[in-house]
Amino acid sequence: MEPISRRSFIAGVCAVVALSGSELPAAANTAVKKLPGGRISVNLKAVPALAKVGGAAKIGSVKGVPVAIARIGTSKYIAFNLLCPHQGVPVVRNEKGWICNAHSSEFEADGDLVLGPATTGLARVPIKVSRNVATLG
Ligand code: FES
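Since this is a predicted model, take the numbers as computed values, not measurements. In every chain, residue numbers begin from 1 and rise along the written sequence. At least 70 in pLDDT is required for a residue's local features to be given in this predicted model, at least 80 for side-chain atom pairs to be given and counted, and no such filter applies to totals for whole chains, interfaces and linings, which use all residues. Values shown for side chains rest on all heavy atoms present in the structure; no hydrogens or waters enter the calculation.

Visitor: What is the right way to look at the overall build of the chain in this model?
Guide: Each helix and strand counted, the chain has one helix and 12 strands in total. Helix and strand assignments come from DSSP, with helices taken as H or I runs of at least 4 residues and strands as E runs of at least 2, each series counted from the N terminus. The order of α-helices and β-strands along the chain, N terminus first, is α-β-β-β-β-β-β-β-β-β-β-β-β. Every one of the 137 residues in the chain was classed for burial, and the buried ones make up 32%. Should any heavy atoms of two residues lie within 4.5 Å, those residues are counted as being in contact. The long-range share in the chain, meaning contacts at least 24 apart out of those at least 6 apart in sequence, stands at 37%. Of the roughly 8,500 Å² of accessible surface on the chain, a fraction of 56% belongs to carbon and sulfur atoms. Think of it in three bands: residues with accessible area under 20% of the maximum for their type are buried, residues over 50% are exposed, and the middle band is partly exposed, with areas taken using a 1.4 Å probe on protein chains only. The accessible surface values rely on the Shrake-Rupley method and a 1.4 Å probe; as for residues, cover is taken only from the protein chains in view.

Put into structure tokens, the structure is as follows:
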């Protein structure tokens, strides 16, 4: 076995840390399947961030728009667009919910508005759930 360089070790640790967040890594994501028409299906059981009520995670893109799913009940989920309603900048996940780094609008984990300048919450995306599989779009 070859000795691992310090640089390789640090790069590997950084990759693991980057993948452990609430966002699914697109390349290694087996929970999400692309469907015709730009829609996606999601195996909800394969998304750790959705294991508990109140959890939320960025899932992928529907028709080219970044989307997230939030679990709002034992078997109830909502999906929403991750483009800030103020000027369309993508929001990012933080410990409380979602934040827009352009002008600091804040949103709950379920996309509801907390703080402007945005005047509405994150726009809902159609979602249907059947047997732990969600179809978005
Ligand atoms: S674009 Fe998000 S707050 Fe302005």
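Read on, since the account is not over.
Visitor: What should I look at first to understand the nonpolar core in this one?
Guide: Nonpolar side chains tend toward joint burial in soluble globular proteins. Counting 17 residues, the largest nonpolar core has I40, V42, L44, V47, I59, I69 and L136 as the members making the most contacts within it. Residue assignment for this core shows that the elements contributing at least two residues are β2 (40–43), β3 (56–62), β4 (65–73), β5 (76–81) and β12 (133–136). With three residues, β3 is the single largest residue contributor to this core. To form a nonpolar core, buried Ala, Val, Leu, Ile, Met, Phe, Trp, Tyr and Cys residues must be joined to one another through side-chain atoms within 4.5 Å.

Visitor: Got a minute to help me understand unusual backbone geometry in this structure?
Guide: Note: most residues except glycine have negative phi, and most peptide bonds are trans. Its identity as a non-glycine residue notwithstanding, K63 has a phi of 55°, on the positive side. Relative to the helices and strands, K63 is located in the loop between β3 and β4. Using a relative accessible area of 57% as the deciding quantity, one classes K63 as exposed. Of note in the backbone geometry, S104 takes a positive phi value of approximately 70° without being a glycine. Mapped onto the elements, S104 comes out in the loop between β7 (97–99) and β8 (106–108). Residue S104 is classed as partly exposed on the basis of its relative accessible area of 41%.

Visitor: Would you mind showing me how to read the sheet that holds strand β11 (residues 127–130) here?
Guide: Two strands in a sheet stick together by hydrogen bonds in their backbones, pointing the same way (parallel) or opposite ways (antiparallel). Strand pairing follows a simple DSSP-based rule, namely that at least 2 bridges must link the two strands. The antiparallel open sheet is built from four strands, whose spatial order is β1-β2-β12-β11. Unpaired on one side and paired on the other, β1 (32–34) and β11 mark the two borders of the sheet. Direction aside, neighbouring strands of the sheet carry axes that sit 20° apart on average. Looking at chain direction, β11 and β12 are connected through four bridges and run antiparallel. When the bridges of β12 are listed, K128 appears paired with T135. Note on geometry: axes are lines fitted to C-alpha atoms, helical ones only across the stretch in contact, with angles between N-to-C directions running from 0 to 180 degrees.

Visitor: Explain the environment of E106 here, please?
Guide: On the secondary structure map, E106 appears in strand β8. Sequence-wise, E106 and R93 are 13 residues apart; in three dimensions their C-alpha atoms are separated by 10.0 Å. If we skip the residues at most four places from it in the chain, E106 touches W98, I99, D112, L113, V114 and L115.

Visitor: I would appreciate a short explanation of the environment of G60 in the present structure.
Guide: Relative to the elements of secondary structure, G60 occurs in strand β3. Separated by 18 residues in the primary sequence, G60 and V42 place their C-alpha atoms 9.5 Å from one another.

Visitor: Is there a simple way to explain the side chain of S41 in this structure?
Guide: With respect to the secondary-structure elements, S41 resides in strand β2. Relative accessible area serves as the criterion here: at 12%, S41 is assigned to the buried category. In this structure, S41 is in contact with A31, V32, K33, L35, V133, A134 and T135, ignoring residues within four places of it in sequence.

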